[in-house]
Amino acid sequence: MNRNMDRKIGVYICHCGSNIAGTVDVDAVTEFAQGLPSVVTARNYTYMCSDPGQDLIREDIKNLGINRVVVASCSPLMHERTFRQVCESAGLNRYQFQMANIREHCSWVSEDHGAATEKAKALVSAAISRVYYNEPLETREVPINPNTLVVGGGIAGIQAALEIADSRHKVYLVEREPSIGGHMIQLDKTFPTLDCSACILTPKMSLVGSHPYIELMSYSEVVEVSGYVGNFKVKVKKKPRYVDVDKCTGCGECEKVCPVEAPSEFEYKLANRRAIYRPFPQAVPNVFAIDKRGYPPCRAACPAGVNAQGYIALISQGKFKEALDVLRRTMPFAGVCGRVCTHPCERDCERGKVDQPIAIRSLKRFMADYELKAGREKATPVKRTKEEKVAVIGSGPAGIACAYDLVRQGYPVTVFEAAPKAGGLLRYGIPEYRLPNEIVDNEISYVQELGVEIKTNTLVKNLSEVFNQGYKAIFLATGAGVSQKMNIPGEDTLGVIHALDFLEQISSGAKASLGNKVAVIGGGNAAVDAARVAMRLGVKEVTIVYRRSRAEMPAIPSEIEEMEHEGVKIHFLAAPVKVLSKDNRVTGIQCIRMELGEPDASGRRRPMPIKGSEFDIDVDNVIIAIGQMVNKEMLPKELAFTGWGTLVVDPITLQTNIDGVFAGGDVVSGPADVIAAIATGKEVAVSIDRYLCSVDLKEGRPEARESVKDVPKEGVVTKERAVMPVLELGKRAGSFAEVELGFDETKAVAEAKRCLNCAVCSECQECEKVCEAKAIDHEMQDEVVEEDVGAIVVATGVKVLDHTQFSIYGGGVYPDVISSLQLERMMSAAGPTGGEVICPSNGVHPKDIVFVSCVGSRDERTGNGYCSKVCCMYMAKHAVMLKEHYPETHSYIVYTDARGPGGKIFEEFLTRAQEAGTTYLRGRIDKVSQCDGRLSVSGQDLLKNKTFNIPGDLVVLATGLMPSDGVSKLAQSLNISYDTKNYLLQAHVKLRPVETFTDGIFLAGCAIAPTDIPESVAQGGAAAEYVLKLFSHDVIDAEPMTSIVDISRCSGCLLCRQVCPFTAIEAETLKDGRVVASINESLCKGCGVCVAACRPGAIKLRGFSDQQLLAEVMAL
Amino acid sequence: MKVEYQPKVIGFLCNWCSYAGADMAGTSRISYAPNVRIIRVPCSGRVDPLLVLKCFQRGADGVLISGCHPGDCHYTEGNYHARRRFALLRNFLDYLGIAKERLRVEWVSASEGQRFAEIVASFTTELAELGPCVKERSLG
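Residues numbered from 1 in each chain as written. Chains lettered and ligands numbered in written order. Predicted model: local features only at pLDDT ≥ 70, side-chain atom pairs only at ≥ 80, totals over all residues. Heavy atoms only, no water.

Caption draft 1: Summary view of the overall build of chain A. Secondary structure summary: chain A contains 33 helices and 49 strands in total. With the C-alpha coordinates of chain A rotated into their principal frame, the extents come out at 135 × 95 × 65 Å. Within the span of chain A, comprising 1116 residues, buried residues form 57% of the whole. Of the roughly 46800 Å² of accessible surface on chain A, a fraction of 49% belongs to carbon and sulfur atoms. (Helix = DSSP H or I, 4+ residues; strand = E, 2+ residues; numbered from the N terminus. Buried < 20%, exposed > 50% of the residue type's maximum accessible area, 1.4 Å probe, protein only. Areas by Shrake-Rupley, 256 points an atom, 1.4 Å probe, with all protein chains shown as cover.)

Have a look at this one:
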């Protein structure tokens, strides 16, 4: 290798006291270095980093003309900066320097002195080889944005924000919770001075709230960070709090009317808050937020999206009228659906996982009953705001639901009905004992009162005529009103009736003459209805013949049950094969036994006949209820039909093959239930509105309605579902009086109170009604804002381990085993008990209180070997304060080590706790149990070496601290390091305690490690100082370690552009037309990924060139 | 396997995680085999496969490349590039007749001093069992 004679290398080997010299023979290394090429001088010294050590280097640069320096000492992460400055101060370029790490990577990790010395020689040799190629580099100046982002609004973040803002630099303070204050605001008193925590913190909080240089972004989270020191770009997601921060005055009226309670996070579940809440009265910002978790499962399960949780919440408050209003926001059929709905909501009801689902359908009916009983006020007609007339054909549930939605949007709507009365199958298909006509009448009248015109006895067969009358859109909801045939011999015999005809006949008041014995074929609701009607008409024996088993029966189970009570028999697994007759009059029905085979397309097991198993049933009438079909005859021919005879529609928009004509309900789906029909009616209303406004029909549809998951059920006390009272069996025969009698008020309220409020906010909108500031917006969405900042302070704090996970100590098992923070809240005069310390189980003041330390700290079983630092002191605080408040109490503290870790008057305070009569027991708890109604804490006293067993009224667990949730994700987006426990790493534990490895990002508070309040404040201040130091200049020197392209060697493959994580590489066309890679230095961060990807070796990373790294390899 | 044989290992450690992790092993005084020589690189993605080949050519018995854990890269995705490159290179080494076990890619964070020491220990034990990497050395 040709050596440049200009290179004059000085090598300086540090003893680091005995840290290096105790293991490595520094003289031998010096001698070895002296003999290497280009080395002019090699020296060793006790502490190279000290002033005399630094002077050695400076002198040699001046006197010997040294132009490359190698220092073999500690890690470059420790002192690289120091020695670079030494070089610079002596006139050398700071990058003509190289460090050999012979302490952390050599002397400290080697036991064998000889091997350590050899390793040190190798490392020094590598550094000498490398420094030969260390070229002088020039730093670049980049401007600094003088704004700061502070993440976390606990005491550390507040302190940092205030210090920076007071220096008139803008601060964005981002806090995840609705209020700043962190854990400190939850404390009653602070140790060891027993200052009132709120009294010393709230003034700072309100300063933050009003500071002209602080923009507080509460209920927000940092989602993305890019850029570099002085020039970060930060994306902050403002979570929707559904309350406008600028409008809310914090008056609290909303809270008073909110029907939903949820456990208060702030009070650690010792009290409840409302769904619209402010964590505590002194919150900053002093505004409310709504805890909205999505769609409750009941609402998500309802095809029509009826907000069941909303009306149930209001029923539980006795607000029956308001509850009905909630339902009517979606549809008008409280009384109808309250009686006949198949209630998929109840199937998904989370309460069912505790005991039984809420009786949602019956509660819905209750609202309607309540209104009817009180007398319904006439509805106020909706103002017509739209010109375009809409025609709805068919007045069943689908048609009315659609008309209802459209009229409320201001459209003139006319419903055409062929029958003499409106209601469709609701009136003609469902018998009165189940759904009285007056209910149907009432709800349809309500829709009429709003402005919907209903023309009965009007058959529409020609759609163009409708259009010609000026209607701009048509909804076909004509249903599926024809019974299906069985296609068996004898089906046309006298005495064979179709269920729908039969039910319609009865509903219209006509008489039907049936014999003594009737068979009903089918297992759906129509079959059950027909059977029960037959019983009411005085038939002696009614038998249902159904080809599958009970499990597959599609009718509502409670209806089947009532039917059986009424005496109807069911023949399962049997199918008719022939109607038997004499003189063209039914005498019986021949059936065949079935068995269940493989599941069919509907998922139900397919029934298969068993050969030779035919049997006869003697009957006088056969009622066929095996399904209904669309009456094709009655519909215009130009419509497209499916093979099933139903209408073809677009699955999303429900538009038919004719423009402006939509269809829904049974005419599209075939026979289905009421709520499904309502759902399609509502969908069509959306389509028609969009159609008439010329808006894209499909965009954003179907609306995703994801149900909330993980509904908490802890502490829910089992309570039986309310039973629907029914008409006595004896009173049913011969009568069409309603069988189900409905809930009374007490029953309804009690049942509604069983609701778990899965989504927390029920969207009942009562808060909106009382908010004078008009601050509530239930439709608020996430908002992501982007801000530019020059520096970032991370003060994300800690969470306290949940004491209920320590069941060995009785946490979560006994109500009188609580966490320290729960005790803290009880002690607070503003807390859930008004400052009274009580046993949660009975509300009595405890006499004996046992504190257990190190719960989840210093305990490798829980994975946290570290000390949470604050517990010993706060346990002493609690003991002292309890003695002051309740002199008769006795506190026991079971401790591992009672630590007063160096704080001011900490040890003295521990003494004070002992003097207050606290019993300190050194040991570990085996378990906490309960005997004779008292808690018993047993364990080992390690000082006396014997077991102890202390009876206690209250056990307080000093649960350990853990980094906040999500901090690792934040650290990843910030590019800062964290340890295996997710505590953030400092650039140096001792010397750079609030800096990170990433320039411009600083740390404060418990995010680093558990700290007490004074330390957090000091760190917040220190972080602020670093930020302000950064801002003391307009520009900053950027590291010159960036990549450069040698365009003469670049082939233009641009592979480098593909791999660059910072989009710093672009294609550039040269004057000769050749395309080469070009690197934007201000974006390049110097990772060097492009260098390794560059095929022709055209890219060089300054400071880490191939030559430099190769030189190291060659020397090792 | 000779007891006195000490394999020579070159480790390329990223500045942000693994180099600091090796420092942590030092500050925690966790001793490990003295035969690993560490070269600091900004990112594991900076390590050129050719540089690794050069190591073997110059007599290394094993090469360790260590970066930040997936997701934690200081440069967002440099370690992913390293992961892909060295998965390929390991197969290529096998093809060349150098046991692919001689090249290791590991993730060590700045707090994982213990883990770093354990990796060095297991790697050197494995290399000692493999014996010296003679093939490339003879071509060097």
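Caption draft 2: Up close: the overall build of chain B. For chain B, the helix and strand inventory stands at five helices and four strands. By the compact-globule yardstick of 14 Å for 140 residues, chain B fits well, its C-alpha radius of gyration being 14 Å. For chain B, the C-alpha atoms occupy an extent of roughly 40 × 30 × 20 Å along the three principal directions. In chain B, which comprises 140 residues, the proportion classed as buried is 61%. Taking contacts inside chain B between residues at least 6 apart in sequence as the whole, the part at least 24 apart equals 79%. A total of about 5400 Å² of accessible surface is found on chain B, and carbon and sulfur atoms cover 54% of it. (Rg over C-alpha atoms; globule rule 2.2 N^0.38 Å. Contact = heavy atoms within 4.5 Å.)

Caption draft 3: Representation of the packing of aromatic side chains in the model. All names here are of chain A. For the coordinates displayed, the defined rule picks out 18 aromatic pairs over all chains. Considering the side-chain rings of F266 and F280, the 4.5 Å spacing of their centres and the 25 degrees angle between planes classify their relative orientation as stacked. Linking F266 in the loop between β13 (261-263) and β14 (272-274) with F280 in the loop between β15 (276-277) and β16 (289-290), this pair joins segments that are 14 residues apart in sequence. When its relative accessible area of 6% is taken as the criterion, F280 is described as buried. Seen from their ring centres, F662 and Y691 are 5.8 Å apart, and the 80 degrees between their planes marks the pair as edge-to-face. (Phe/Tyr/Trp six-rings, centres within 6.5 Å; stacked < 30°, edge-to-face > 60°.)

Caption draft 4: Region of interest: the state of the cysteines. All names here are of chain A. According to the stated counting rule, one finds two disulfides over all chains in the structure shown. Each disulfide pairs two cysteine sulfurs, and for C196 the partner residue is C199, the sulfurs being separated by 2.3 Å. Here the S-S torsion is close to 80 degrees, and the disulfide linking C196 with C199 is therefore right-handed. On the accessibility criterion, C196 (24% relative accessible area) is partly exposed. Between C839, a cysteine without a disulfide, and C931, which holds the nearest cysteine sulfur, the sulfur-to-sulfur distance is 15 Å. (Disulfide = S-S within 2.5 Å.)

Caption draft 5: Local environment of the interface of chain A and chain B. Listed per partner, the contact involves 47 residues of chain A and 48 residues of chain B. When chain A packs against chain B, close to 4100 Å² is buried across both sides, 61% of that on carbon and sulfur atoms. For the interface between chain A and chain B, the tally reads two salt bridges. Where D1106 of chain A meets R46 of chain B, a salt bridge forms, and the shortest distance between an N and an O atom there is 2.8 Å. Listing elements by their share of the side of chain A that touches chain B, those giving two or more residues are α4 (76-89), α5 (113-131), α32 (1089-1093) and α33 (1106-1115) of chain A. (Buried area = accessible area lost by both parts, 1.4 Å probe. Salt bridge = Lys/Arg side-chain N within 4 Å of Asp/Glu carboxyl O.)

Caption draft 6: Focus on the packing of helix α6 (residues 155-166) of chain A against helix α7 (residues 197-210) of chain A. Residues and elements named next belong to chain A. Where α6 contacts α7, the axes come no closer than 10 Å and their chain directions differ by 50 degrees. Viewed along their axes, α6 and α7 adopt a mutual orientation that is oblique. Seen from above, α6 lies across α7 with left-handed handedness. Residues I155, I158, Q159 and L162 of α6 form the contact with α7, whose participating residues are L201, K204, M205, L207 and V208. Class assignment for the residues of the contact of α6 with α7 results in seven nonpolar, one polar and one charged. (Axes fitted to C-alpha atoms, helices over the stretch in contact; angles between N-to-C directions. Parallel < 35°, antiparallel > 145°, perpendicular 65-115°, else oblique. Left-handed = near helix turned anticlockwise from the far one by under 90°. Nonpolar A, V, L, I, M, F, W, Y, C, P; charged D, E, K, R; others polar.)

Caption draft 7: Layout of the pattern of salt bridges. Residue and element names in this part refer to chain A. With the rule as written, the count across this model stands at 78 salt bridges over all chains. Measuring nitrogen to oxygen at the nearest pair gives 3.8 Å for the salt bridge that ties R176 to E221. With a gap of 45 residues between them, R176 in the loop between β7 (171-174) and β8 (189-190) and E221 in strand β11 (residues 220-228) connect regions that are remote in the sequence. On the basis of relative accessibility, which here comes to 31%, the residue R176 falls in the partly exposed class.

Caption draft 8: How the structure looks around the sheet that holds strand β42 (residues 954-959) of chain A. All names here are of chain A. Sheet architecture is open: seven strands sit in the order β36-β42-β37-β38-β39-β40-β41, paired in mixed fashion. In the strand order of this sheet, the two ends are held by β36 (817-819) and β41 (946-952), each with one partner. On average, each strand axis in the sheet is tilted by 35 degrees relative to the strand beside it, whichever way the strands run. Two elements, strand β37 (residues 848-855) and β42, share five bridges in a ladder whose sense is parallel. By the bridge assignment, V852 is partnered in β42 with L957. (Pairing = 2+ DSSP bridges.)

Caption draft 9: View of helix α11 (residues 320-328) of chain A. By the burial criterion, the buried members of α11 of chain A are F320, A323, L324, V326, L327 and R328 of chain A. Looking at the packing, one finds that the buried side of α11 of chain A touches α10 (308-316), α12 (334-340), α14 (360-374), α15 (397-408), α17 (437-450) and α24 (745-752) of chain A.

Caption draft 10: Structural view of the packing of α15 of chain A against α17 of chain A. Residue and element names in this part refer to chain A. Here α15 crosses α17 at 30 degrees, and the two axes come no closer than 10 Å. The angle between α15 and α17 falls in the class roughly parallel. Handedness of the crossing formed by α15 with α17: left-handed. Contact residues: I400, Y404, V407 and R408 in α15; I444, Y446, V447 and L450 in α17. Grouping the amino acids of the contact of α15 with α17 by side-chain chemistry returns seven nonpolar, no polar and one charged.

Caption draft 11: Spatial organisation of the pairing of strand β27 (residues 585-599) of chain A. Residue and element names in this part refer to chain A. Here strand β26 (residues 574-582) runs beside β27; their pairing, made up of eight bridges, is antiparallel. Paired with A575 across the two strands is I592, which belongs to β27. Between the end of β26 and the start of β27, which pair antiparallel, lie two residues, with D583 showing a positive phi angle near 55 degrees. Pairing geometry for β27 and strand β29 (residues 615-618), over four bridges, is antiparallel. Pairing of G588 across the sheet is with D618, part of β29.

Caption draft 12: Expanded view of the pairing of strand β1 (residues 9-14) of chain B. Residue and element names in this part refer to chain B. A large share of β1 lies buried, amounting to six of its six residues. Side chains V9, G11 and L13 of β1 all project onto a buried face; the interleaved residues I10, F12 and C14 project onto the opposite face, where all are buried too. As paired strands, β1 and strand β2 (residues 36-41) are joined by six bridges and run parallel to one another. Bridging across to β2, V9 finds its partner in V36. Since β1 and β2 lie parallel, the crossover through helix α1 (residues 18-27) that links them has a hand, and here it is right-handed. Summarising the sheet, β1 and strand β3 (residues 62-67) pair through five bridges and their orientation is parallel. Following the sheet pairing, F12 is matched in β3 by I65. (Right-handed = clockwise from strand over helix to strand, strands pointing away.)

Caption draft 13: Fine view of the side chain of S828 of chain A. Residue and element names in this part refer to chain A. Looking at the secondary structure, you find S828 in the loop between α26 (820-827) and β37. Under the relative-accessibility criterion, S828 is labelled buried at 8%. For S828, the contacting residues outside a window of four places in its chain are D188, G834 and G835.

Caption draft 14: Here's a closer look at the environment of S73 of chain A. All names here are of chain A. Among the structural elements, S73 can be located in strand β3 (residues 68-73). Looking at S73, the relative accessible area reads 3%, which means it is buried. The spacing of S73 and I13 is 60 residues in sequence and 6.3 Å in space, taken between C-alpha atoms. Those residues within four positions of S73 in sequence are excluded, and the remaining contacts are C14, I20, F83, M99, A100, N101, I102 and R103.

Caption draft 15: Examining the nonpolar core more closely. The biggest cluster of nonpolar side chains holds 98 residues, and the ones touching the most others in it are Y311, I315 and I688 of chain A. The element that contributes the greatest number of residues to this core is helix α23 (residues 674-692) of chain A, accounting for nine residues. What I315 of chain A contacts, discounting residues up to four positions off in sequence, is F320, A323, L363, F366, M367, A748, V749 and A752 of chain A. Grouped together as the second largest cluster of nonpolar side chains are 81 residues, A126, C1087 and V1091 of chain A together with V63 of chain B included. (Core = buried A, V, L, I, M, F, W, Y, C linked by side-chain atoms within 4.5 Å.)

Caption draft 16: Spatial organisation of the environment of T493 of chain A. All names here are of chain A. For T493, the position within the fold is in the loop between β21 (482-483) and β22 (496-498). A relative accessible area of 6% places T493 in the buried class. Along the chain, T493 and C254 lie 239 residues apart, while their C-alpha atoms are 68 Å from each other. Excluding residues that lie within four positions of it along the chain, T493 makes contacts with V579, S581, N584, R585 and V586. Reaching out from T493, the side chain makes a polar contact with the backbone oxygen of G490 at a distance of 2.5 Å. (Polar contact = N/O pair within 3.5 Å; in protein donor to acceptor, adjacent residues only side chain to side chain.)

These figures capture arrangement, not role.
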